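Listed below, chain by chain, are the residues.
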Amino acid sequence: MDTCGPGGCLGELAENLAIIFLGKQIMNNFQELLIPMMKSWWSRRKSNQYQAGTDSEQISISMTTPWEADNDLAEQENLFPEYLEMVIQYGFATMFVVAFPIAPLFALINNVVEIRLDAKKYTELLKRPIPINCMSIGIWYGILDYMAAIAIITNAFVIAFTSDFISQILWKYNHDDGLATYVEGHLSSFTGVIRNSEGVEVNDTCKYWDYRLEHGETSLWWWKLKAVQFVFVVVFEHFVFTIVRLIDLLIPDIPEKLEALIHLEDSFAREMMKEVIEIDLEKLEDVRNRVKVKKRQRQKYD
């Protein structure tokens, strides 16, 4: 089983995140632009207007109205892949930000570029979608909220167990010489028959990075380190959750001025509807009175 080296696994994790935010996102943007171009080209080619006709007819076809030209574009798919891509990017940028701190910067640059690519894709390469009114992004907001909470716990475990941050602090606290004996104190020894570099079996002692005693039992230092790491996770996530909730309470989702304007517009709309209803009721009453007058006039002649 692969384990982390003496320096932790943050280096390997940072390399993987760099590949995702550099190589994979560039390939995704290229793919998002190339596939609609190929679909639109193939859709135009299969169109009945382009299957036959002389050069003059082709010129007249190319000078049609925009909505007639858009009819030959590829069909618009749903927005589920777009939302899913943003959610996955948000997860990588938040859950492992301690290992790759510039991940949010690369995500911002990618989103700025992708806005322009999506604008070209949705206005020139695909048919215009049917607009639908939506109050929010729906269930995706709840998913992002849960991912933010999971990201806090994930970063706490990454700091505590993937890096050697906690073990170095604990070693400094228990030893007056600082980190001078840190490496030597984390090496376990094994005495027995081993094979040297020449392939000859000899009786020797080798040292390896682990927390074990001479006979292979787990050392007391390992249990103390794991206890401190778990305590750090609990304290860290409670502290960050508290800060997040305080910010959420102090900074409202809707500014007070905007909320006041919304309430003012709602009150204006209710007053206008009330006036319209009152006018309609007055007109209805007037019509009823006229009908009564007509009936009385007819009764006189009858």
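1. Overview of the packing of aromatic side chains
Aromatic rings considered in pairs are described by the distance between their centres and by the relative angle of their planes.
Okay, step 1: Enumeration according to the criterion identifies 7 aromatic pairs in this entry.
Okay, step 2: Both rings, one in Phe-80 and one in Trp-140, keep their centres 5.6 Å apart while their planes meet at 50°; by these two values the pair is tilted. Of this pair, Phe-80 sits in helix α5 (residues 80-95) while Trp-140 is found in helix α7 (residues 139-162), placing the two residues 60 residues apart along the sequence.
Okay, step 3: When its relative accessible area of 47% is taken as the criterion, Phe-80 is described as partly exposed.

2. Focus: the confidence of the model for the protein chain
Okay, step 1: In this model, the protein chain carries an average pLDDT of 76, and 73% of its residues clear a pLDDT of 70 or more.
Okay, step 2: Of all the helices and strands in the protein chain, helix α3 (residues 55-62) carries the lowest mean pLDDT, 49, while α7 carries the highest, 88.
Okay, step 3: Predicted confidence is poor over residues 54-61, with pLDDT under 50, and the contacts of this stretch with residues over four places away or in other chains come to 6 contacts.

3. Examining the pattern of salt bridges
Charged atoms that come close allow side chains of opposite charge to pair.
Okay, step 1: For the coordinates displayed, the defined rule picks out 2 salt bridges.
Okay, step 2: In this structure, Glu-82 engages Lys-121 in a salt bridge whose closest nitrogen and oxygen atoms are separated by 2.8 Å. Placement of the pair is Glu-82 in helix α5 and Lys-121 in helix α6 (residues 103-125), with a sequence separation of 39 residues. By the burial criterion, Glu-82 is buried, and Lys-121 matches it.
Okay, step 3: The shortest N-O distance in the salt bridge between Asp-118 and Lys-121 comes to 3.6 Å.

4. Remarks on the side chain of Asn-110
Okay, step 1: One can find Asn-110 in helix α6.
Okay, step 2: Assessed through its relative accessible area of 6%, Asn-110 is described here as buried.
Okay, step 3: Those residues in contact with Asn-110 that lie beyond four places of it in its chain are Gln-25, Asn-29 and Gln-89.

Conventions adopted
- Residues numbered from 1 in each chain as written.
- Predicted model: local features only at pLDDT ≥ 70, side-chain atom pairs only at ≥ 80, totals over all residues.
- Heavy atoms only, no water.
- Phe/Tyr/Trp six-rings, centres within 6.5 Å; stacked < 30°, edge-to-face > 60°.
- Helix = DSSP H or I, 4+ residues; strand = E, 2+ residues; numbered from the N terminus.
- Buried < 20%, exposed > 50% of the residue type's maximum accessible area, 1.4 Å probe, protein only.
- pLDDT = per-residue confidence, 0-100.
- Contact = heavy atoms within 4.5 Å.
- Salt bridge = Lys/Arg side-chain N within 4 Å of Asp/Glu carboxyl O.

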